[in-house]
Amino acid sequence: MPRPHRFTALALAAAAALPLAACADDRPPTRARDGRVNVTLDDFSITPQRIRARPGRLTFEVVNRGATGHTLRVMRGEREVAGVKTLLPGASATASGRFEQGDYDLVCSLGNHEELGMYGTLTVR
Ligand SMILES: [Cu+2]
């Protein structure tokens, strides 16, 4: 059953004792290169779903491969650090922000897209 990752992250943080390896997705995260990372939006996913980066300026190169509009918002809690407005099918855009160490959520904020699977995480270390 899909569920917003933000709440999963909160639950994990509350548990505190759970090792990172307990995450369901055991594939290694994608690392940003030279402060850039490509993100593909689709119906209904964000790929890659897990990103790692070094602190500093980070640019997301975002393309919408889906058949409906999507957004990408990179959030730290309730604060948007970077984001693109609605991308129509086939459209692309970049979003930049300055990221300090921490854990961020990636989400499409349209409709119930997050519930449908459009979420991910960015870990800055
Ligand atoms: Cu979407």
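What comes next is a walk through the structure. (Residues numbered from 1 in each chain as written. Predicted model: local features only at pLDDT ≥ 70, side-chain atom pairs only at ≥ 80, totals over all residues. Heavy atoms only, no water.)

A count of helical and extended segments in the protein gives 1 helix and 10 strands. For the protein, the N- to C-terminal ordering of α and β elements is α-β-β-β-β-β-β-β-β-β-β. Counting every position in the protein, which comprises 125 residues, the buried fraction comes to 38%. Partitioning the intrachain contacts of the protein with sequence separation of at least 6 by distance along the chain shows that 56% fall at a separation of at least 24. Carbon and sulfur atoms form 50% of the exposed surface of the protein, whose accessible area is close to 7400 Å². (Helix = DSSP H or I, 4+ residues; strand = E, 2+ residues; numbered from the N terminus. Buried < 20%, exposed > 50% of the residue type's maximum accessible area, 1.4 Å probe, protein only. Contact = heavy atoms within 4.5 Å. Areas by Shrake-Rupley, 256 points an atom, 1.4 Å probe, with all protein chains shown as cover.)

In this section: the coordination of the copper ion. His70 (ND1), Cys108 (SG), His113 (ND1) and Met118 (SD) make up the full set of protein donors to the copper ion, lying at 2.0 to 2.7 Å. Each of the 4 donor atoms bound to the copper ion contributes to angles spanning 84 to 135°, and the resulting shape is irregular. Each donor residue of the copper ion lies on the same chain, and together they follow the pattern H-x37-C-x4-H-x4-M. For the pair formed by His113 and Met118, the shared burial category is buried. (Donors = N, O, S within 2.8 Å, 3.2 Å for Na, K, Ca; no water. Tetrahedral: all angles 85-135°; square planar, octahedral: opposite > 155°, others 65-115°.)

This paragraph deals with the sheet that holds strand E9 (residues 102–107). The 6 strands are arranged E1-E4-E10-E9-E6-E7 in an open sheet whose pairing can be described as mixed. With partners counted over all chains shown, the strands left at the sheet margins are strand E1 (30–31) and strand E7 (79–87), one partner each. Pairing between E9 and strand E10 (residues 119–124): 6 bridges, direction antiparallel. In the strand pairing of E10, Asp105 is matched with Thr121. (Pairing = 2+ DSSP bridges.)

To continue, consider the pattern of salt bridges. Under the definition given, this model contains 4 salt bridges. Its salt-bridge partner being Arg73, residue Glu80 comes within 2.5 Å of it at the nearest N-O pair. We note a salt bridge from Asp103 to Arg125, for which the minimum N-O separation is 3.2 Å. Taken together, the residues span a long stretch of sequence, with Asp103 in strand E9 and Arg125 in the segment after E10 at a distance of 22 residues. Accessibility expressed as a relative area gives 36% for Arg125, which makes it partly exposed. (Salt bridge = Lys/Arg side-chain N within 4 Å of Asp/Glu carboxyl O.)

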